[in-house]
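# Remarks on the overall topology
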Amino acid sequence: MSDCIFCKIVSGEIPANKLYEDDEMLAFFDLHPQAPTHFLVIPKKHIKGPGSIEEPDTGLIGRMIKKGGDLAREHGIGSGFRLVINNGADAGQSVFHIHLHVLGGRAMTWPPG
Ligand code: 5GP
Ligand code: ZN
């Protein structure tokens, strides 16, 4: 997707502060962190959002969630972190390339805003 900012991060056209990369996913720190530790895990493949996951992608999404937890532990927030995936503008999605937010390092409240 040529107009997708996260596809541009995947291709290297836009820089990002990366924590992890393999052949199918990438993790990088959020530009506007909402917690002391806030990073994103994205697939290299363009998937619009959680409402657009197709059956062949389910393994990839599962591995992204596991990687989010592994990275949370490695970055010192393993005892308390929150995973968020927004779908659609009404839910606060602003980048339409699926991404798992991993947030930690502060107390979280419920319900989320
Ligand atoms: P959403 O609101 O779609 O769930 O989350 C998009 C996230 O991407 C936001 O938290 C925003 O700060 C982050 N973001 C948007 N553009 C960039 C960028 O160019 N680089 C990085 N590192 N984060 C970005
Ligand atoms: Zn994309």
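As a reminder, the structure under discussion sits directly above these lines.
Fair warning: this is a prediction, and the values are worked out from it, not measured in the lab.

### So, the overall build of the chain
Along the backbone of the chain there are two helices and five strands. Across the chain, helices and strands are ordered from the amino to the carboxyl terminus as α-β-β-β-α-β-β. On C-alpha atoms alone, the chain measures out to a radius of gyration of 13 Å, which is about the 13 Å that the 2.2 N^0.38 rule sets for 113 residues. When the 113 residues of the chain are sorted by exposure, 38% land in the buried category. The contacts of the chain with a sequence gap of at least 6 include a subset with a gap of at least 24, amounting to 54%. Carbon and sulfur atoms make up 53% of the accessible area of the chain, which totals about 6,500 Å². Each charge class in the chain was averaged separately, 11 positive and 13 negative side chains, and the resulting centres sit 5 Å apart.

### Overview of the environment of Gly78
Its place among the elements puts Gly78 in the loop between α2 (58-74) and β4 (81-84). Along the sequence, Gly78 and Gly68 sit ten residues apart, while their C-alpha atoms lie 10.0 Å from each other. Discounting chain neighbours no more than four positions away, the residues touching Gly78 are Ala72 and Arg73.

### A short note on α2
Look at α2: 24 Å from first C-alpha to last across 17 residues, which is about the 24 Å you get at 1.5 Å a residue. Among the residues of α2, Leu60, Ile61, Met64, Lys67, Gly68, Gly69, Asp70, Leu71 and Ala72 are the ones counted as buried. Close packing links the buried residues of α2 with β1 (18-21), β2 (25-29), β3 (37-43), β4 and β5 (100-104). Gly76 occupies a position one or two residues after α2 and carries a positive phi of about 80 degrees.

### Here's the deal with the site of ligand 1
Among the 16 residues in the neighbourhood of ligand 1, the closest are listed as Asp30, Asn86, Gly92, Ser94 and His101. Ser94 has a polar backbone atom sitting 2.6 Å from an oxygen atom of ligand 1. His99 is positioned such that a nitrogen or oxygen atom in its side chain is 2.9 Å from an oxygen atom of ligand 1. Burial of ligand 1 by the protein amounts to 85% of the accessible area it has alone, namely 510 Å². Looking at the shell around ligand 1, the elements with two or more residues in it are α1 (5-11) and β2. Looking at the shell around ligand 1 element by element, the count peaks at three residues for α1. By residue class, the composition of the shell around ligand 1 is eight nonpolar, seven polar and one charged.

### Examining the packing of aromatic side chains
In this structure the tally under the stated criterion is two aromatic pairs. Plain terms: the ring middles of Phe29 and Phe39 are 6.2 Å apart, the flat faces sit at 80 degrees to each other, and that makes the pair edge-to-face. Note that Phe29 is positioned in strand β2 and Phe39 in strand β3, a separation of ten residues in sequence. The class of Phe29 is partly exposed, set by a relative accessible area of 29%.

Definitions and cut-offs
- Residues numbered from 1 in each chain as written.
- Chains lettered and ligands numbered in written order.
- Predicted model: local features only at pLDDT ≥ 70, side-chain atom pairs only at ≥ 80, totals over all residues.
- Heavy atoms only, no water.
- Helix = DSSP H or I, 4+ residues; strand = E, 2+ residues; numbered from the N terminus.
- Rg over C-alpha atoms; globule rule 2.2 N^0.38 Å.
- Buried < 20%, exposed > 50% of the residue type's maximum accessible area, 1.4 Å probe, protein only.
- Contact = heavy atoms within 4.5 Å.
- Areas by Shrake-Rupley, 256 points an atom, 1.4 Å probe, with all protein chains shown as cover.
- Lys, Arg positive; Asp, Glu negative; His and termini not counted.
- Charge placed at Lys NZ, Arg CZ, Asp CG, Glu CD.
- Expected span 1.5 Å × (residues − 1).
- Near = heavy atom within 4 Å.
- Polar contact = N/O pair within 3.5 Å; in protein donor to acceptor, adjacent residues only side chain to side chain.
- Nonpolar A, V, L, I, M, F, W, Y, C, P; charged D, E, K, R; others polar.
- Phe/Tyr/Trp six-rings, centres within 6.5 Å; stacked < 30°, edge-to-face > 60°.

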